[in-house]
Structures are given as structure tokens and as C-alpha cells.
Amino acid sequence: MTEKPLNELLYKISLRATAGRMDVPITHLTMDSRQVRPGSLFVAVRGTVTDGHQFIDRAIDQGAAAVLCEELPAQPVDTVTYVQVDNTARALGFVAAYFY
């Protein structure tokens, strides 16, 4: 199983804000909240039909270790790391390249 610290995955990505441990181990990447498992980085991507930000709470309930988002939640969970960027779809490409 691949495991990398979050801060390594964010190399060369311009961050707007962060909250939580940046060295949290990430074992899985997904933008589908139904596929989140403990250790996942959930990437909240805005789509043409749905907005991944609507599924952040669900991803956390399923064990997401960190969330990559464009908007930080109003009520963050203390045990989860949040990373805010300007464009999550673009950032996902870089994160996936470093992870895989």
C-alpha cells in the first residue's frame, strides 16, 4: 500500500490556507465520497452537475484524513486536515502525479 505524507503531495501547489497536521499520512486519493476510506485525501471538485464540497462531511464520516477544497467548511473537524486551493481539479492532477 502506498503511503505518503500530505505535505509531500502538495509540492509545487499554491495553497490559500491550511488547518491541521500537514504530515498526516495519505494512503488513498479520491474525489468520490463513496470511495473514501480511512487515510484518504478527499478532493472536493466542482462539477457541472454536483459540487464535491457538498460531500465533505460524508467523506469525513467515512474516515478521510484530509480534505483538499476551494472553500473551507464553516465547522471544521479537529481531527481532519484541510487544505484550501484556488482550483481543486488542477491541484488534483499534481497531487495524483506525486502520489502515484
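Quick caveat, the model's predicted, so the values are computed rather than measured.

1. Focus on the pattern of salt bridges
Phase 1: Following the criterion strictly, the structure yields six salt bridges and no others.
Phase 2: A salt bridge links R16 to D86; the shortest N-O distance between them is 3.3 Å. You can see R16 sitting in the loop between α1 (6-9) and β2 (17-19) and its partner D86 sitting in the loop between β7 (81-84) and α3 (88-99), a full 70 residues away along the chain.
Phase 3: The partner of D32 in a salt bridge is R34, with the nearest N and O atoms 3.0 Å apart.

2. Some words on the nonpolar core
Phase 1: Counting 19 residues, the largest nonpolar core has L6, L10, I26, L29, L41, L68 and V95 as its most contacted members.
Phase 2: Broken down by secondary-structure element, the contributors of at least two residues to this core are α1, β5 (40-43), β6 (66-69) and α3.
Phase 3: Ranked by residues supplied to this core, first place goes to α3 with four residues.
Phase 4: In contact with I26, other than residues within four places in its own chain, are T2, E3, K4, L6, L9, G39, S40, L41, A65, A66 and F99.
Phase 5: Counting 11 residues, the second largest nonpolar core, distinct from the first, contains V36, F42, V67 and V80.

3. Re the environment of C69
Phase 1: Take C69: it is sitting in strand β6.
Phase 2: Looking at C69, the relative accessible area reads 0%, which means it is buried.
Phase 3: The sequence separation of C69 and Y98 amounts to 29 residues, and the corresponding C-alpha distance is 18 Å.
Phase 4: With residues near it in sequence (within four places) discarded, C69 still touches A44, H53, I56, V83, Q84, V85 and T88.

4. Structural notes on the side chain of H53
Phase 1: With respect to the element layout, H53 can be found in the loop between β5 and α2 (56-61).
Phase 2: For H53, a relative accessible area of 14% translates into the label buried.
Phase 3: A distance of 2.7 Å separates polar atoms of two side chains, one belonging to H53 and the other to D51.
Phase 4: Non-local contacts of H53, meaning those with residues more than four positions away in its chain, are made with A44, R46, C69, E70 and E71.

What counts and what doesn't
Residues numbered from 1 in each chain as written. Predicted model: local features only at pLDDT ≥ 70, side-chain atom pairs only at ≥ 80, totals over all residues. Heavy atoms only, no water. Salt bridge = Lys/Arg side-chain N within 4 Å of Asp/Glu carboxyl O. Helix = DSSP H or I, 4+ residues; strand = E, 2+ residues; numbered from the N terminus. Core = buried A, V, L, I, M, F, W, Y, C linked by side-chain atoms within 4.5 Å. Buried < 20%, exposed > 50% of the residue type's maximum accessible area, 1.4 Å probe, protein only. Contact = heavy atoms within 4.5 Å. Polar contact = N/O pair within 3.5 Å; in protein donor to acceptor, adjacent residues only side chain to side chain.

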